[in-house]
Structure formats: C-alpha cells, structure tokens
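# Per-entry structural report
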Amino acid sequence: QVHLVESGGGLVQPGGSLNLSCEASGSFRTIWTMGWYRQAPGKQREFIADISRGLSTNYADSVKGRFTISRDNAKNTMYLQMNNLKPEDTAVYSCNAKISVSMILRNQDYWGQGTQVTVSS
C-alpha cells in the first residue's frame, strides 16, 4: 500500500506564510510527478502546482510568484512554500502523486487526505 500524508496547514493572517509537506510512504518503486491541489467550499478542485521527478515545475497563474513547490526525492517528500497568503487561498490542500508500485502497476494516481489552510484576520 501507498500512503500520502500532508502536514503544515493551519490558520494564518493575510500576508502570512505556511509551508506544507506531503510525504509518501509504503511499498513502491518510483514516484513520478507530484502535485498540489486545493478545494474551497462550494468550488471544484483546483490545480496549484506540480513538480516532476527531474524537478521541472508548473504553477497555476493564481499562485505564481507567491507559492514555491519543491521535493526531496531521497525523502519521498514534496513541499509547498506559500507566501503572501490571501483570504481566497483558503481551502483544503491535497497532494497527488503518480507512483509506479510495480513493473505492472505503473504511474498510478494517489491522493493524500488533505490539510486545511485558512487565511483570515
């Protein structure tokens, strides 16, 4: 089994910062692209950023210049540094990873349970 566990969410004032982590654990061969998504109440899940195993990154326009995605392949962990947070960033943030579990089960989709980020004064 593969598990993704997010941490680092919480309550922060507008303009503040948070650093989210997503750690993969279990039995698997390779973690490929990892990404962050968020879902606010009443809205669809939204892509935030992703990072390839080779560290190429993509960002949604709404977070460019404020959020930075990174990963440590040795630790099977991905991070999201969020700066200059705004009330509209309030959402449940979830991590996703494409993981090859075996030679047969390649590039499988896994999700974490999510962590709440609330930006409010």
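Refer to the structure printed above.
Here's what I pulled together on the structure shown here. From a predicted model like this one, the values you see are computed outputs, not experimental measurements.

Once that is clear, we can look at the side chain of Arg-38. Here Arg-38 is to be found in strand E4 (residues 30-39). Since its relative accessible area comes to 7%, Arg-38 is described here as buried. Side chain to side chain, Arg-38 and Asp-89 meet in a polar contact 2.9 Å long.

Further remarks concern the pattern of salt bridges. Within this structure, the stated rule accounts for five salt bridges. Salt-bridge contacts for Arg-38 lead to Asp-89; the nearest nitrogen and oxygen are separated by 2.9 Å. Taken together, the residues span a long stretch of sequence, with Arg-38 in strand E4 and Asp-89 in the loop between strand E8 (77-82) and strand E9 (91-100) at a distance of 51 residues. Asp-89 matches Arg-38 in its accessibility class, with the two residues each being buried. Among the salt bridges present, the one from Asp-109 reaches Lys-98, with a minimum N-O distance of 2.7 Å.

Further remarks concern the nonpolar core. If you look at the biggest cluster of nonpolar residues, it comprises 29 residues, and the most contacted ones within it are Trp-36, Ile-48, Phe-67, Met-78, Leu-80, Met-82 and Tyr-93. Looking at this core, the elements that each hand over two or more residues are strand E1 (2-7), strand E3 (18-26), E4, strand E5 (46-51), strand E7 (67-72), E8, E9 and strand E11 (115-119). Here this core takes five residues from E9, the largest share from any one element.

Here we take up the sheet that holds E3. The sheet built from four strands is open, its strands ordered E1-E3-E8-E7 with antiparallel pairing. The sheet is open, and its two edges are formed by E1 and E7, each paired on a single side. The mean inter-strand angle of the sheet, taken between neighbouring strand axes irrespective of direction, is 15°. Relative to E8, E3 runs antiparallel, the two sharing six bridges.

Calculation notes
- Residues numbered from 1 in each chain as written.
- Predicted model: local features only at pLDDT ≥ 70, side-chain atom pairs only at ≥ 80, totals over all residues.
- Heavy atoms only, no water.
- Helix = DSSP H or I, 4+ residues; strand = E, 2+ residues; numbered from the N terminus.
- Buried < 20%, exposed > 50% of the residue type's maximum accessible area, 1.4 Å probe, protein only.
- Polar contact = N/O pair within 3.5 Å; in protein donor to acceptor, adjacent residues only side chain to side chain.
- Salt bridge = Lys/Arg side-chain N within 4 Å of Asp/Glu carboxyl O.
- Core = buried A, V, L, I, M, F, W, Y, C linked by side-chain atoms within 4.5 Å.
- Pairing = 2+ DSSP bridges.
- Axes fitted to C-alpha atoms, helices over the stretch in contact; angles between N-to-C directions.

Structural measurements only, silent on function.
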